[in-house]
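Coordinate inspection notes
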Amino acid sequence: MWYWIFYKEKTKRYLILKDDQVTGEVRWELHKDGYSVLWDSARSYKSASQEAESSYNLKPLRLETKPISYRDACNFVNEFHRHHIPPQGNKFSVSLNDGELTVGVIIAGRPVSRFMDDGMTLEVTRCCVKEAYKNGISKLYSAVFQIAKAMGYKRVITYTLTEESGTSMRASNFQLTRLSNGGSWNSKSRIRIDKHPTGEKYLWTKQIG
């Protein structure tokens, strides 16, 4: 396994990715965000970080959460989400920032299902993070959980597609609750065009308190 070092001259920060993480999409994504390849053949994560810090005086990338408006969060989702458009409305949104740019957003609001909308449940309706920064997803979920707790909610829920691994959910201490049937909002009485996946989804829940 080889390790790649990418660095941003503007922030003097670096990140390390494994060889199998460096797809053409990721390289192009990082290039657009201002990152360059410093080294593409480190033998270990440790040797890569030592090279970046001792030889080039760089600091590791520390992704930070920051406030973001609903409009700007929706614009990010429109540009980068693979299979969803922005949700209708929100309670609050949080961004993930690399020290200069927004690289991810999370949007929380009322539960989409009226059966879950009990006034004490908050739903993460969108989470969108650029591929190169996927390890920051848990930071966004942690931020939502802390805000929900401060607001007095009793639980946070979210859904993932069945083909998604759920690794980030488990890393954020969400519990797999059940399999949802999914479905379409379209009906004879109210014609709609579905702009989201209509297949089965997993419901994840994290209790507060």
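Described below are features of the structure shown in this document. Just so it is clear, the model here is predicted, and its values are computed rather than measured.

About the thresholds
- Residues numbered from 1 in each chain as written.
- Predicted model: local features only at pLDDT ≥ 70, side-chain atom pairs only at ≥ 80, totals over all residues.
- Heavy atoms only, no water.
- Pairing = 2+ DSSP bridges.
- Helix = DSSP H or I, 4+ residues; strand = E, 2+ residues; numbered from the N terminus.
- Axes fitted to C-alpha atoms, helices over the stretch in contact; angles between N-to-C directions.
- Buried < 20%, exposed > 50% of the residue type's maximum accessible area, 1.4 Å probe, protein only.
- Core = buried A, V, L, I, M, F, W, Y, C linked by side-chain atoms within 4.5 Å.
- Contact = heavy atoms within 4.5 Å.

Notes on the sheet that holds strand S6 (residues 92–97)
Ordered in space as S5-S6-S7-S8-S9-S11-S10, the seven strands form an open sheet in which the pairing is mixed. Since the sheet does not close on itself, it has two edges, and those belong to strand S5 (64–67) and strand S10 (175–180), each with one partner. Going from strand to strand, the sheet's axes swing by 30° on average, the running direction of each strand aside. Relative to strand S8 (residues 121–129), strand S7 (residues 102–109) runs antiparallel, the two sharing six bridges. Residue pairing across strands places Gly-109 opposite Glu-123, the latter belonging to S8.

Some thoughts on the sheet that holds strand S1 (residues 3–8)
Across the sheet, which stays open at both edges, the four strands sit in the order S3-S1-S2-S4 with mixed pairing between neighbours. Only two strands of the sheet have a single neighbouring strand rather than two, namely strand S3 (35–42) and strand S4 (59–60). Note that S1 and S3 share five bridges and pair antiparallel. Residue Ile-5 lies in a different strand from S3, and its bridge partner there is Trp-39.

Structural notes on the pairing of S7
Taken across its eight residues, S7 has seven buried, putting it largely inside the fold. Here S6 folds back onto S7 in antiparallel fashion, the turn holding four residues, of which Gly-99 has a positive phi close to 105°.

Description of the nonpolar core
With 34 residues, the main nonpolar core has Phe-6, Leu-30, Tyr-133, Val-144 and Val-156 as its most contacted residues. The set of elements that each furnish at least two residues to this core consists of S1, strand S2 (13–18), helix H1 (24–32), S6, S7, S8 and helix H4 (137–151). By residue number, the principal contributor to this core is H4, which donates seven residues. Residues contacting Tyr-133, with those up to four places away along its chain left out, are Leu-30, Asp-33, Tyr-35, Leu-61, Leu-63, Leu-96 and Val-103. Residues Tyr-3, Ile-16, Leu-38 and Ala-48 belong to the second largest nonpolar core, which totals nine residues.

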